[in-house]
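# Descriptive structure summary
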Amino acid sequence: MPLHPLVGHHTARDRVLRAIQEDRLPQMILLTGPQGVGKQRFALWVAQALLCDGAAERPCGICQPCRQVLGLGHPDLHWFMPVLRPKASEPDKQVEELAEAIGEVIDERRKNALYQPQEGLAGHFAATARLLQRRAALTPAQGRRKVFLVGEAERLVPQESSPEAANALLKLLEEPSSDCQFLLTTVDANRLLPTIRSRLVPLRLGRLADAEVETFLASHAGLSGADLRQRVAGAGGSIGRAVALGDDQAKANRAAEELLKAIAGNAETRAERALKQGSWAARGDFTAMLDALADALGDAIRAASGLNARRPLLQVLTRNRPVATLLEAQQRVTEARESARGNVNPQLLLAVLADELAEVL
Ligand SMILES: [Zn+2]
């Protein structure tokens, strides 16, 4: 599946294209801006513009290099994102392991271009610097230059291990060979090592317009109506945030569904479910689940009153129940949600709620 189109950032695009035309694009660019506004997608677009063979407008989107970039398969495009620290002890093995891990992430991104930031422990390590250095030393495979994209660059941790690796990376950025273009991205330039930051020319990508997020979600995430509006309102001009909201919502819905199944069982399954509830640390998940449950009951109430043809979100609630019963259940969930704001232990709260709902439903 090719990458989804780049959204917004028209001023920045114009600036970059002009600079490319006039052959004065800085060799090392730092793209900064909020999470999820498409900084790495923008960097891929710049790579496409640089590697494009099209005679007229760049990037043309149809020449072979353009299609290779869009399929994340251009041999002169080197995309580095944070991955887990290699486990091997030998440096060469570490580099191999890292290259493999990056390859796997790129495969994933080919399948699903709407990815979330890499997990917390992932980073750019000494092996990353070595791999970068090796690839920078290669002759371009196809065109005149190689493009290096380093995503979430604030996770560069060159000081952690061998100082040679840190120095190698700095040297690479200090005296880049003329056929290398570097594009680093970060949410916060201040979190980069000053020695690295000082070598980069910043380009700011701001939040997207709500209309841009909306159009994108409508055509690429299959959303519409109230769902779509809600997602756009919570996204703050970030497509990544809008997608994450959907993931969080799906997680809360699954938890609510699971809870209802436990409630439909017996006292034992209810107690078991309550005990499984994490205590304080997971309070956000707990309240999200209660919200999802209250929403699902709201859907079921509307369906039971003939107000809404939409099938209730949770399977367990598709069985017909009297409106009064559902209202009673929703009331109990709302009360539990209120108590969850205070200092009540979630396990205890859930044990009581599960028994109440078992009685009502
Ligand atoms: Zn092209």
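Scroll up to find the structure this text is about.
Residues numbered from 1 in each chain as written. Predicted model: local features only at pLDDT ≥ 70, side-chain atom pairs only at ≥ 80, totals over all residues. Heavy atoms only, no water.

### Topic: the layout of surface pockets
Volume-wise, the second largest pocket comes out at about 490 Å³. Lining of the second largest pocket is provided by 29 residues; of these, Gly36, Gly38, Lys39, Gln40 and Tyr115 occupy positions nearest its centre. Secondary-structure elements contributing two or more residues to the lining of the second largest pocket are helix H2 (39-51), strand E4 (180-186) and helix H10 (239-264). Considering every element that reaches the lining of the second largest pocket, the biggest residue donor is H2, with four residues. Looking at the lining of the second largest pocket residue by residue, the class counts come to 14 nonpolar, nine polar and six charged. (1 Å grid on protein atoms, 1.4 Å probe; cavity = no way out; pocket = protein on both sides within 12 Å on 5 of 7 lines; lining within 4 Å. Points joined across faces, edges and corners; volume = space filled by probe spheres on them. Helix = DSSP H or I, 4+ residues; strand = E, 2+ residues; numbered from the N terminus. Nonpolar A, V, L, I, M, F, W, Y, C, P; charged D, E, K, R; others polar.)

### As for the packing of helix H11 (residues 267-276) against helix H14 (residues 346-360)
Where H11 meets H14, the axes come as close as 8 Å, and the angle between the chain directions of the two elements is 150°. By the angle between their directions, the pair H11 and H14 is classed as roughly antiparallel. You can see that H11 and H14 cross each other, and the crossing is right-handed. Residues Arg270, Arg273, Ala274 and Leu275 of H11 touch H14, and the partners they reach there are Gln347, Leu350, Ala351, Ala354, Asp355 and Ala358. Class assignment of the residues belonging to the contact of H11 with H14 gives a composition of six nonpolar, one polar and three charged. (Axes fitted to C-alpha atoms, helices over the stretch in contact; angles between N-to-C directions. Parallel < 35°, antiparallel > 145°, perpendicular 65-115°, else oblique. Left-handed = near helix turned anticlockwise from the far one by under 90°. Contact = heavy atoms within 4.5 Å.)

### What about the pattern of salt bridges?
Counted under the stated rule, the structure contains 16 salt bridges. Salt-bridge contacts for Arg155 lead to Glu152; the nearest nitrogen and oxygen are separated by 2.7 Å. With respect to class, Arg155 is no different from Glu152; both count as buried. Where Arg332 meets Glu356, a salt bridge forms, and the shortest distance between an N and an O atom there is 3.9 Å. Taken together, the residues span a long stretch of sequence, with Arg332 in helix H13 (residues 323-341) and Glu356 in helix H14 at a distance of 24 residues. Taking the relative accessible area as the measure of exposure, Arg332 reaches 22% and is therefore partly exposed. A relative accessible area of 26% places Glu356 in the partly exposed class. Salt bridges here are not isolated pairs; linked through shared partners, they connect Glu258, Arg273 and Lys276. (Salt bridge = Lys/Arg side-chain N within 4 Å of Asp/Glu carboxyl O. Buried < 20%, exposed > 50% of the residue type's maximum accessible area, 1.4 Å probe, protein only.)

### Description of the coordination of the zinc ion
Looking at the zinc ion, one finds its protein donor set to be Cys52 (SG), Cys60 (SG), Cys63 (SG) and Cys66 (SG), positioned 2.2 to 2.4 Å from the metal centre. If you look at the zinc ion, its four donor atoms make angles of 103 to 118° with each other, and the shape they trace is tetrahedral. The sequence pattern formed by the donor residues of the zinc ion is C-x7-C-x2-C-x2-C. For Cys66, a relative accessible area of 0% translates into the label buried. (Donors = N, O, S within 2.8 Å, 3.2 Å for Na, K, Ca; no water. Tetrahedral: all angles 85-135°; square planar, octahedral: opposite > 155°, others 65-115°.)

### What to know about the pairing of E4
In terms of burial, E4 is largely enclosed, as seven of its seven residues are buried. The alternating pattern of E4 places Cys180, Phe182, Leu184 and Thr186 and Gln181, Leu183 and Thr185 on opposite faces, both of which are buried. For strand E1 (residues 28-32) and E4, the ladder comprises five bridges, and the chain directions are parallel. Residue pairing for E4: Thr32 is matched across the bridge by Thr186. Bridging between strand E3 (residues 146-150) and E4 involves five bridges; their strand directions are parallel. Across the sheet, the residue bridging to Val150 is Leu184, located in E4. (Pairing = 2+ DSSP bridges.)

### What about the nonpolar core?
Residues Phe42 and Phe182 are the most contacted members of the largest nonpolar core, which totals 59 residues. Counting residues per element, this core draws most heavily on H2, which supplies nine residues. Setting aside chain neighbours within four positions, we find Phe182 in contact with Gln27, Met28, Ile29, Leu132, Phe148, Leu172, Leu173 and Pro176. Of all hydrophobic cores here, the second largest spans 26 residues; its members include Ile263, Met289, Leu297 and Ile301. (Core = buried A, V, L, I, M, F, W, Y, C linked by side-chain atoms within 4.5 Å.)

### Digging into the packing of aromatic side chains
Taken as a whole and judged by the stated rule, the model has three aromatic pairs. When the ring of Phe42 is compared with that of Trp45, the centres are 5.5 Å apart and the planes differ by 40°; the resulting orientation is tilted. Placement of the pair is Phe42 and Trp45 together in helix H2, with a separation of three residues, close to one helical turn. Residue placement shows Arg13 over the ring face of Trp45; its charged tip is 5.8 Å from the ring centre. Over the aromatic face of Tyr115 sits the side chain of Arg109, whose NZ or CZ is 3.6 Å from the ring centroid. (Phe/Tyr/Trp six-rings, centres within 6.5 Å; stacked < 30°, edge-to-face > 60°. Lys NZ or Arg CZ within 6 Å of the ring centre and 35° of its normal.)

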